[in-house]
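What the coordinates show
Each chain, letter by letter, is given below.
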Amino acid sequence: MSQKVVGMTGDEAVAYATKQSNVDVISAYPITPQTIIVERLSEYCANGEIKAKYINVESEHSAMSGCIGASLIGARVFTATASQGLALMHEALYAASGLRCPIVMAVACRALSAPINIHGDHSDVMGSRDSGWIQIFTENPQEAYDTTLIAFKLAEKENVLTPAMVNLDGFITSHALEKVEVLDDQTVSRYLPPRKARMKLDPENPVTLGVFTLYDYYFEFKRQQAEAIKEAHKEMGEIWNGFQKISDRRYSNIRKYRLNNADVAVITMGSTSGTARYAVDELRKIGVKAGSLSVRLFRPFPAKELRQA
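Residues numbered from 1 in each chain as written. Predicted model: local features only at pLDDT ≥ 70, side-chain atom pairs only at ≥ 80, totals over all residues. Heavy atoms only, no water.

1. What to know about the overall build of the chain
- Along the backbone of the chain there are 11 helices and 12 strands.
- Along the longest, intermediate and shortest principal axes, the C-alpha atoms of the chain span 70 × 50 × 45 Å.
- Intrachain contacts of the chain at a sequence separation of at least 6 include 80% that bridge at least 24 residues.
- Summing over all exposed atoms, the chain offers an accessible surface of approximately 14,400 Å²; the carbon and sulfur share of this is 53%.
- Counting 35 positive and 35 negative side-chain charges, the chain places the centres of these two groups 6 Å from one another. (Helix = DSSP H or I, 4+ residues; strand = E, 2+ residues; numbered from the N terminus. Contact = heavy atoms within 4.5 Å. Areas by Shrake-Rupley, 256 points an atom, 1.4 Å probe, with all protein chains shown as cover. Lys, Arg positive; Asp, Glu negative; His and termini not counted. Charge placed at Lys NZ, Arg CZ, Asp CG, Glu CD.)

See the structure below:
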């Protein structure tokens, strides 16, 4: 495997991974602390580094609407947002998942107003947790890069076809400059070849999508979504293993740390997890049997793994 080490922020790492992912359409609107992601992607498009169509829109609601339309014609689609932007998208999030659009969206997690706060907080993604999207939390820029690639792989599986959020903590991860090991373009292209949608809007082969359904059939669509989320959970083991083969980096749904004989444990998601492991080590030095457990895969929720841990 061929990799190079680059200094990147979490936002830049997400943008770089997206650039490598054979993405077709980027529909986005800027908002702190996510803006760097879409700025970098617009630069890649303007410089000819990627051939994606970049759509400038007037709001985050429009950004997600553009993503849905592009996804339905078979494109690989990406967007990014945060905080009030994600809240403004809320209506369209359900359309994206209900129409089974495998969109990947990075969320630079940020507090919701009021009062106005531009810093890290999970209240934005918690407000979207039941909208039918896969949610994966990242701890640092390296995980943000890796998880963006993994999210495309998972979302587009035929038995999943569910949009996915890659969550990175605002400023703590989005703006933290760290070393990131990046794969070469050829390796990523083999891992993520161009999307080939089995069902899509095509004038030559007409289909109807987004139909009106009454109460006697609406639940059938929701049942299929629930089954797809379960399939996503089943697929994750293979997805993590497959990524390890090309990167030599091992991930799992949860990360256990010094839990075997722990009397107390702290459960975390995102950038807090590294701090928690450090605190566990310090507590162990003074005789407190502490442990930690960090959750990467939040939707679908890894309930069985958590109980066992």
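There's more to say after this.
2. Quick word on the side chain of T79
- In this fold, T79 is placed in strand β4 (residues 77–81).
- The class for T79 is buried, based on a relative accessible area of 0%.
- In terms of polar contacts, T79 uses its side chain to reach the backbone carbonyl oxygen of S27, at 2.6 Å.
- When sequence neighbours within four positions are dropped, the list of residues in contact with T79 reads S27, A28, A63, M64, C67, M89, V104, M105 and A106. (Buried < 20%, exposed > 50% of the residue type's maximum accessible area, 1.4 Å probe, protein only. Polar contact = N/O pair within 3.5 Å; in protein donor to acceptor, adjacent residues only side chain to side chain.)

3. Here we look at helix α2 (residues 35–46)
- A rise of 1.5 Å per residue sets the reference length of α2, with its 12 residues, at 16 Å; its end C-alpha atoms lie 16 Å apart and thus fit the reference within 8%.
- By the burial criterion, the buried members of α2 are T35, I36, I37, V38, L41, Y44 and C45.
- Next to the buried residues of α2 lie α1 (10–19), β2 (25–28), β3 (53–56), β4 and β5 (104–109). (Expected span 1.5 Å × (residues − 1).)

4. Focus on the layout of surface pockets
- Space inside the largest pocket adds up to approximately 800 Å³.
- Only α3 (60–72), α5 (90–98) and α9 (215–247) provide two or more residues apiece to the lining of the largest pocket.
- Broken down by element, the residue count for the lining of the largest pocket peaks at 5 residues, all from α9.
- Of the residues assigned to the lining of the largest pocket, the class counts are 13 nonpolar, 7 polar and 6 charged. (1 Å grid on protein atoms, 1.4 Å probe; cavity = no way out; pocket = protein on both sides within 12 Å on 5 of 7 lines; lining within 4 Å. Points joined across faces, edges and corners; volume = space filled by probe spheres on them. Nonpolar A, V, L, I, M, F, W, Y, C, P; charged D, E, K, R; others polar.)

5. Section: the nonpolar core
- By size, the foremost hydrophobic cluster in this structure holds 49 residues, and its most contacted members are I26, L41, F78, Y145 and L149.
- No other element matches the 8 residues that helix α7 (residues 141–155) contributes to this core.
- With sequence-adjacent residues up to four places away left out, Y145 is seen in contact with A13, Y16, A17, Q20, V180, E181, V182, L183, V188 and R249.
- Within the second largest apolar cluster, 31 residues are counted, among which are V57, A63, M64 and A96. (Core = buried A, V, L, I, M, F, W, Y, C linked by side-chain atoms within 4.5 Å.)

6. What about the sheet that holds strand β12 (residues 297–299)?
- Strand order in the open sheet formed by 7 strands is β3-β2-β4-β5-β7-β6-β12, and the pairing between neighbours is mixed. The open sheet has two edge strands, β3 and β12, and neither has a second partner. Strand-to-strand twist in this sheet, taken as the mean axis angle between neighbours without regard to direction, amounts to 20°.
- Where β5 and strand β7 (residues 164–169) come together, 6 bridges link them in parallel fashion. What sits directly across from A106, in β7, is V166.
- α1 rests against β4, β5 and β7 of the sheet, and its axis sits at about 155° to β7. (Pairing = 2+ DSSP bridges. Axes fitted to C-alpha atoms, helices over the stretch in contact; angles between N-to-C directions.)

7. Some points on the pairing of β3
- Across 4 bridges, β2 lies against β3 in parallel orientation. When the sheet's bridge partners are listed, A28 is paired in β3 with N56.
- Between the parallel elements β2 and β3, the chain passes through α2 in a crossover that is right-handed. (Right-handed = clockwise from strand over helix to strand, strands pointing away.)

8. Side note on the side chain of S21
- If you trace the backbone, S21 turns up in the loop between α1 and β2.
- Judged by relative accessible area, which is 0%, S21 ranks as buried.
- The residues touching S21, leaving out its near neighbours within four places in the chain, are R76, L149, F152, V188 and L192.

9. Digging into unusual backbone geometry
- That bond from T32 to P33 is cis: its omega, 0°, falls within 30 degrees of zero.
- For P33, the position within the fold is in the loop between β2 and α2.
- Here the amide bond leading from A114 into P115 is cis, since omega sits at -5°, within 30 degrees of zero.
- Looking at the element boundaries, P115 is found in the loop between β5 and α6 (123–126).
- Positive phi outside glycine occurs at R258, with the angle close to 55°.
- Note on placement: R258 falls in the loop between β9 (254–257) and β10 (264–268).
- On the basis of relative accessibility, which here comes to 39%, the residue R258 falls in the partly exposed class.

10. Focus on α9
- The end-to-end C-alpha distance of α9 is 47 Å, a good match for the 48 Å that 33 residues give at a rise of 1.5 Å each.
- Maximum bend of α9: about 40°, positioned at E235.
- Just past α9, the residue D248 takes up positive phi, approximately 65°. (Bend = angle between axes of the 7 residues up to and from the residue.)

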